[in-house]
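So the chains spell out like this:
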Amino acid sequence: MGVGQQNGNRQQQTGGDDWDALRGDVGDMAGAAVERGRYFIESAREQATDYAGRRKDDIAQSVADFATSLRESTHSFDERPNIRAVVDSAADGLEQLADSIRDRTFSDIFNDFEEVVRRRPATVAAVSVAVGFLAARFLKSTAEDMRHERMNPSVSQPSRSRQQQAQGQRTRAKAGA
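Just so you know, these numbers come straight off a predicted model, no measurement behind them.

Asker: What is the right way to look at the overall build of the protein chain in this model?
Answerer: In terms of helices and strands, the protein chain carries 5 helices and 0 strands. Along the chain direction, N to C, the helices and strands of the protein chain fall in the order α-α-α-α-α. Counting only residues that meet the buried cut, the protein chain has 8% of its 177 residues in that class. Considering only contacts in the protein chain between residues 6 or more positions apart, those separated by 24 or more positions represent 52%. Within the structure as shown, the protein chain displays about 14,600 Å² of accessible surface, and the carbon and sulfur contribution to it stands at 56%.

Asker: Which parts of the structure should I look at to understand the nonpolar core?
Answerer: The nonpolar side chains of a soluble globular protein tend to be buried with one another. By size, the foremost hydrophobic cluster in this structure holds 8 residues: Ala60, Val63, Ala64, Ala67, Ala91, Leu94, Ala98 and Ile101. Secondary structure elements with two or more residues in this core: α1 (3–72) and α2 (81–103). Ignoring any residue separated from it by four or fewer positions in sequence, one finds Ala91 in contact with Ala67, Leu70 and Arg71.

Asker: Mind showing me how you'd approach the side chain of Lys56 here?
Answerer: By secondary structure assignment, the location of Lys56 is in helix α1. Despite its burial, Lys56 pairs with no opposite charge, the nearest such side chain being Asp57 at 5.2 Å. Residues contacting Lys56, with those up to four places away along its chain left out, are Ile101, Arg102, Arg104 and Thr105.

Asker: Where do I start with a nonpolar patch on the surface in this structure?
Answerer: On the surface, Trp19, Leu22, Val26 and Met29 cluster together into a nonpolar patch covering about 450 Å² of accessible area. Checked against the element boundaries, Trp19 lands in helix α1.

Asker: Hey, could you run me through the pattern of salt bridges in this one?
Answerer: If charged atoms from side chains of opposite charge come close, those side chains can pair. One pass over the structure, following the stated rule, counts 11 salt bridges. Note that Arg45 is salt-bridged to Glu42, the shortest N-O span being 4.0 Å. With Arg45 and Glu42 both in helix α1 and 3 residues apart, this pair spans about one turn of that helix. Taking relative accessible area as the criterion, Glu42 reaches 37% and is therefore assigned partly exposed. The partner of Arg71 in a salt bridge is Asp92, and the shortest N-O contact between them spans 2.6 Å.

Each value, and the rule that gives it
- Residues numbered from 1 in each chain as written.
- Predicted model: local features only at pLDDT ≥ 70, side-chain atom pairs only at ≥ 80, totals over all residues.
- Heavy atoms only, no water.
- Helix = DSSP H or I, 4+ residues; strand = E, 2+ residues; numbered from the N terminus.
- Buried < 20%, exposed > 50% of the residue type's maximum accessible area, 1.4 Å probe, protein only.
- Contact = heavy atoms within 4.5 Å.
- Areas by Shrake-Rupley, 256 points an atom, 1.4 Å probe, with all protein chains shown as cover.
- Core = buried A, V, L, I, M, F, W, Y, C linked by side-chain atoms within 4.5 Å.
- Lys, Arg positive; Asp, Glu negative; His and termini not counted.
- Salt bridge = Lys/Arg side-chain N within 4 Å of Asp/Glu carboxyl O.
- Patch = residues over 30% accessible without salt bridge, like charges linked within 9 Å, V, L, I, M, F, W, Y side chains within 5 Å.

What follows is the structure in structure tokens.
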């Protein structure tokens, strides 16, 4: 074998060794990144669980308050007993949900929710679309109301001017005393 061939073989071996070392380094970095990602996700999950556990009673009270408001709104349906029955049934369901939220841990609620999603993905997707649609309608109407108030400030001025008048009267009363 000639000297040139030996040099070429050494360069190929050295290049292969460098490539293997580089591949090993990249693999180590990827493994470290995956491990840190898992740690981050676990930390985020723990923080979310702790926060949800602390806020669980507030959420349950909000659901119960909504059920009460819904039940009180049925007075306008006295002449339509079918609608009133549906609304009362929804209010009962919300009250049961509030009790369930109070009695269970966040992990239990999350696990049940995850089970429902796995058993009935189409239903969850349909409910998600409906909730998204309702949220979009709410946001759109809120944005339109805000835009209307900005374009017609005289509409929202009476309450502001009453507040300003009351504040002016208090200031004058303090100055006169």
